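For reference, the chains in residue letters:
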Amino acid sequence: MGKKGKTGKGRLDKYYHLAKEQGFRSRAAFKLVQLNKKYNFLEKARVLIDLCAAPGGWLQVASKYMPAQSLILGVDLVPIKPIPRVITFASDITTDKCRAELRGEMKTWKADVVLHDGAPNVGTAWVQDAYSQSELVLHSLKLATEFLAKGGTFVTKVFRSKDYNSLLWVFNQLFENVEATKPPSSRNVSAEIFVVCRDFKAPKKIDPKFLDPRHVFDEVEEQTVTHLTSVFQPEKKKRQREGYGDGDYTLFHTTTISQFLQSPDPVGILAANNTIEFASDADRALLAHELTTDEIKTCFADLKVLGKKDFKALLKWRVAMRVHLGLEVPKEQAQADAAAAKAAKAAAEEEELDDEERMARELDALAKEDRVRAKRTKRKLREKRARELLRMQLNMTAPTDVGTEQQGEDALFDGGANATRALVEVQGLSDSESSDGDESDYDMDEAGVVLDDDVAPKLSGRAAMFFSNPMFASIFEEERAKKAGSAKATKAAAPAGGKATKRAAAVIESDVDMDGSDDDDDDYLDVYNRELEEESASRKRKRQEEKIARTLASDDEVDSARHDDSDDDSDVEQPAAKSRRTEAMAASDTSDDSDSDDDAGEAMDDDDDTAFSDVDLDGTTGPPEGALTTPHALALAHMVKQNKHAVVDASFNRYAYADNADLPAWFLEDERKFNKPVMPVSKETVEAIMERRRALDARPIKKVAEAKYRKKKRAVAKLTRLVKKAASIAEAEDMTESAKATAVSKLLSKKVAKQHEKPKLVVARGTNRGVKGRPGGVKGRYKMVDSRMKKELRATKRIGDKAKGKKRK
Ligand SMILES: C[S@@+](CC[C@H](N)C(=O)[O-])C[C@H]1O[C@@H](n2cnc3c(N)ncnc32)[C@H](O)[C@@H]1O
């Protein structure tokens, strides 16, 4: 059977648990225990009748406290499971059959105690419930008066209702001593009270009125009878208990039609009068109305003989006459008027509300805008401060430089990041301007021309500054001079041009950023030129191949992008890729200092063919974008944070500008696999990072932690339950101290035994040989074993060995 949930009443209280512990069938048993403790009626009783006894809690208590050989009878509507020394049968105590059955059991004996704990099927209206309970009490009293011996005790349950005093009055007529009490085990929220009536007077003759509910109580039904009932249910006649009304000593009442028409209580008039007369001229004028039929006239002549239908007809006639006389508007019109009025009112309210709402909304929007603006300004300020702080921490600025951020975008050309941004802007511009629209065909030469002639004025502050920088101007001048003769060659070198420019810019910006000098222009130009030559016409073909490879496998794409030709990304992709790399580099930083990290990012971009091939900094593979997944990557990021210059320096190596263009694919493949530059990352750093990762991995996963928590919670709940049970046993009033101690130790031993109970070993021989499922006569946990327990011993040894870390032979 499913466990009942706890209700608002707190059904499963300590008496519930106590009853379970002590084997009582109901928590009600404790009510009798407590009543008996107070009045001691069970110990001296020899015969007891329990009316309404199921499931038998009170019978169990009676059997426990009454002397041996006592006669205990229990009766209930439902059968009661047998109880030693108790006779029970099923019957309705309100019937004669029950009386006869009791007589049959009692023979000539008289009862010392009659108990009644009956509860009728409650659940209807409270008044009705209470009344049924009181009625049941009277029935049980009736049986008690019949079977109780003189001086006997009657214990009954009553509800605190208006009938309570009537009942007490009756009890007092029949018993010498009547006391009402509420035992502690009776819930406070329950309206029940127990009345203990002692010393039965056993009168020779009992007035039947004492035991007749109709006399003892005001009938519940009568209370609801009103003149409404008398009109609409005329067959239910009200008994005149009150006698005549004040100053009214007649039984015949009459009134006039005008009164009936004008009174706000027409039903009351119909109920209170015998006849209604057409007395005045105005009344008589209504006689001529077509609705005043003969039937209506007859009904008004004698109201006391009318039925429900007649009264309804009279009330309908009244409404029609009132409309006719102008005392009332027709119902439909009244309804229509009411509806129109309601609609008008609603419209007015809505209009009013609309205006108000509109204003409120506007105000809201303004306030919201203000809030957003203030928030944005605040955030920007915070970011700027963080950036400056970081730059200082990375020794990128002198403390005196703090505040340059606030100088705005038109501040002086501020190092690598701005240079890079400017380049991106230029590329964007030229892309949009280029006639063929092919982003990858960005033409350096054309860009230069366009810049000189048309675009320069269109450039934003930062881009304009970039090109006004003498260093870049010289790069462009030289480049233009070199390429001037060969438009075709320039066109072929176009894709490389964009990238090369970027590389040159990267080198420049790293220089600008690092030492702030620009006297190595020629070196940069060399780098640039070399790059231009490297990027030959074969790039287009390679790009084509890569595209195919990309579609086939994303991993291949990553490889080819990283090793073969990382510079070959389209120009449009560059800013994104660069930002990803920058993010990766900055992952170990908390701030998004793009300025500082751009430098390193660009420097790495230069030689990403080889130098950083092991580091997944571009975020094109693996989990989240920009995440540093390998220990090497993390170590590198750590180093960048510590000393970015060392990392940048290390990126200039013999692999950086290797010309792989004409090398066979198989060779390049081998090179990629085995020829890797040594990274400027110390073994210790990588080891420390791996150690940290191992420590993180060693932490239990969330699910395991949750399971452990649940287990612990269950254990705590179990313990709490145990403590509660033990406490309720300790509080039991009808138990001796030693019994309590035994009960508690039994409770604990049961739990402990349950916890450590080992499975019973059942040897698979004889009848148990080859048995499938539980062998006969075996209870609880069991395990089938062979007589020598070979398998078990082997398993135990194996487990032991495993624990010791021995290898199996
Ligand atoms: C609260 S229980 C009694 C509990 C009982 N004293 C015990 O300790 O287990 C009330 C019982 O009254 C019974 N009852 C209600 N009306 C009855 C009737 N007219 N005749 C016999 N039993 C009735 C119900 O069947 C129900 O079992």
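Residues numbered from 1 in each chain as written. Predicted model: local features only at pLDDT ≥ 70, side-chain atom pairs only at ≥ 80, totals over all residues. Heavy atoms only, no water.

**Looking at the overall build of the protein**
A tally of helices and strands in the protein yields 32 helices and eleven strands. Taking all 809 residues of the protein together, 39% fall into the buried category. Considering only contacts within the protein whose residues lie at least 6 apart along the sequence, 65% involve residues at least 24 apart. With the model as given, the accessible surface of the protein reaches about 48300 Å², and the carbon-plus-sulfur share is 54%. (Helix = DSSP H or I, 4+ residues; strand = E, 2+ residues; numbered from the N terminus. Buried < 20%, exposed > 50% of the residue type's maximum accessible area, 1.4 Å probe, protein only. Contact = heavy atoms within 4.5 Å. Areas by Shrake-Rupley, 256 points an atom, 1.4 Å probe, with all protein chains shown as cover.)

**Structural notes on the site of the ligand**
Taken together, 19 residues lie near the ligand, and Gly57, Trp58, Asp76, Asp92 and Asp117 sit nearest. Measuring from an oxygen atom of the ligand, one finds a backbone N or O atom of Gly56 at 3.2 Å. For the ligand, an oxygen atom lies 3.5 Å from a polar atom in the backbone of Ala119. Bound to the protein, the ligand loses 84% of the 600 Å² it would expose on its own. Of the residues belonging to the shell around the ligand, the class tally is ten nonpolar, five polar and four charged. (Near = heavy atom within 4 Å. Polar contact = N/O pair within 3.5 Å; in protein donor to acceptor, adjacent residues only side chain to side chain. Nonpolar A, V, L, I, M, F, W, Y, C, P; charged D, E, K, R; others polar.)

**Let's talk about the sheet that holds strand S7 (residues 192-200)**
The seven strands are arranged S3-S2-S1-S4-S5-S7-S6 in an open sheet whose pairing can be described as mixed. Two strands lie at the open edges of the sheet, namely strand S3 (86-90) and strand S6 (175-181), each paired on one side alone. The mean angle between the axes of side-by-side strands here comes to 15°, regardless of whether they run parallel or antiparallel. Where helix H6 (residues 164-174) meets the sheet, it contacts strand S5 (148-159), S6 and S7, and its direction lies at approximately 145° from that of S6. (Pairing = 2+ DSSP bridges. Axes fitted to C-alpha atoms, helices over the stretch in contact; angles between N-to-C directions.)

**Concerning the packing of helix H2 (residues 29-39) against helix H3 (residues 57-65)**
Put simply, H2 and H3 touch, their axes get as near as 7 Å, and they point 40° apart. One element, H2, and the other, H3, form an angle in the oblique class. Seen from above, H2 lies across H3 with right-handed handedness. For the pair H2 and H3, the contacting residues are Ala29, Lys31, Leu32, Val33 and Asn36 in the first and Gly57, Trp58, Val61, Ala62 and Tyr65 in the second. (Parallel < 35°, antiparallel > 145°, perpendicular 65-115°, else oblique. Left-handed = near helix turned anticlockwise from the far one by under 90°.)

**Some words on the pairing of strand S4 (residues 111-116)**
Burial within S4 is extensive, with five of its six residues counted as buried. Summarising the sheet, strand S1 (residues 47-51) and S4 pair through four bridges and their orientation is parallel. Bridge assignment links Ile49 to a residue of S4, and that residue is Val114.

**Details of the pattern of salt bridges**
One pass over the full model with this rule turns up 23 salt bridges. Between Arg373 and Glu369 there is a salt bridge; the shortest N-O distance is 3.4 Å. Taken together, the residues span about one helical turn, with Arg373 and Glu369 both in helix H15 (residues 331-393) at a distance of four residues. On the basis of relative accessibility, which here comes to 44%, the residue Arg373 falls in the partly exposed class. Relative accessible area serves as the criterion here: at 47%, Glu369 is assigned to the partly exposed category. Between Arg694 and Glu687 there is a salt bridge whose closest N-O contact spans 2.9 Å. Using a relative accessible area of 41% as the deciding quantity, one classes Arg694 as partly exposed. Residues joined in a network through salt bridges with shared partners are Lys31, Asp117, Lys157 and Glu192. (Salt bridge = Lys/Arg side-chain N within 4 Å of Asp/Glu carboxyl O.)

**Brief notes about helix H30 (residues 702-731)**
With 30 residues, H30 should cover 44 Å at 1.5 Å per step; its first-to-last C-alpha distance of 43 Å lies within 8% of that length. Among the residues making up H30, those that are buried are Leu722, Ser728 and Ile729. (Expected span 1.5 Å × (residues − 1).)

**Observations regarding the nonpolar core**
Counting residues in each nonpolar core, the largest one holds 41 residues, and the members touching the most others are Ile49, Leu102, Leu141, Phe154, Phe171 and Phe175. The greatest single-element share of this core, amounting to eight residues, is contributed by helix H5 (residues 126-147). Residues in contact with Leu141, not counting those within four places in the same chain, are Phe154, Val170, Phe171, Leu174, Phe175 and Leu211. Trp58, Met66, Ile72 and Leu115 belong to the second largest nonpolar core, which has 33 residues in total. (Core = buried A, V, L, I, M, F, W, Y, C linked by side-chain atoms within 4.5 Å.)

**Observations concerning H3**
Among the nine residues that make up H3, seven are buried, leaving the element largely enclosed by the rest of the structure. Buried within H3 we find Gly57, Trp58, Leu59, Gln60, Val61, Ala62 and Ser63. Looking at the packing, one finds that the buried side of H3 touches H2, S1, strand S2 (71-76), S3, S4 and S7.

**Quick notes on the packing of helix H1 (residues 14-22) against H30**
Relative to each other, H1 and H30 sit at 85°, their axes nearing to 9 Å. By the criterion of interaxial angle, the relationship of H1 to H30 is roughly perpendicular. Here Lys14, Leu18 and Glu21 of H1 lie close against H30, whose contacting residues are Lys725, Ser728, Ile729 and Glu731. Partitioning the contact of H1 with H30 into residue classes produces two nonpolar, one polar and four charged.

**What about a positive patch on the surface?**
Judged by side-chain charge, Lys783, Arg788, Lys790, Lys791, Arg794, Arg798 and Lys802 come together as a positively charged surface patch. Of the residues forming the positive patch, the biggest block, five residues, is contributed by helix H32 (residues 790-804). Note on placement: Lys783 falls in strand S11 (residues 782-785). (Patch = residues over 30% accessible without salt bridge, like charges linked within 9 Å, V, L, I, M, F, W, Y side chains within 5 Å. Lys, Arg positive; Asp, Glu negative; His and termini not counted. Charge placed at Lys NZ, Arg CZ, Asp CG, Glu CD.)

**A word on the packing of aromatic side chains**
Considering all chains together, one arrives at twelve aromatic pairs under this definition. A centroid spacing of 5.6 Å and a plane angle of 50° characterise the contact between Tyr15 and Phe30, whose relative ring orientation is tilted. A residue pair is termed long-range when its members are at least 10 positions apart, and Tyr15 in helix H1 and Phe30 in helix H2 qualify at 15 residues. Phe30 shares its class with Tyr15; the two are buried. Consider the rings of Trp58 and Phe194, whose centres lie 5.9 Å apart with planes at 40°: the pair is tilted. Separated by 136 residues along the polypeptide, Trp58 in helix H3 and Phe194 in strand S7 bring together distant segments of the chain. Both residues of the pair, Trp58 and Phe194, count as buried. Among the aromatic side chains, those forming a connected cluster through ring pairs are Phe154, Phe171, Phe175 and Phe200. The lysine or arginine in question, Arg318, covers the ring of Phe260, its NZ or CZ lying 5.9 Å from the ring centre. (Phe/Tyr/Trp six-rings, centres within 6.5 Å; stacked < 30°, edge-to-face > 60°. Lys NZ or Arg CZ within 6 Å of the ring centre and 35° of its normal.)

By themselves, these figures tell us nothing about what the structure is for.
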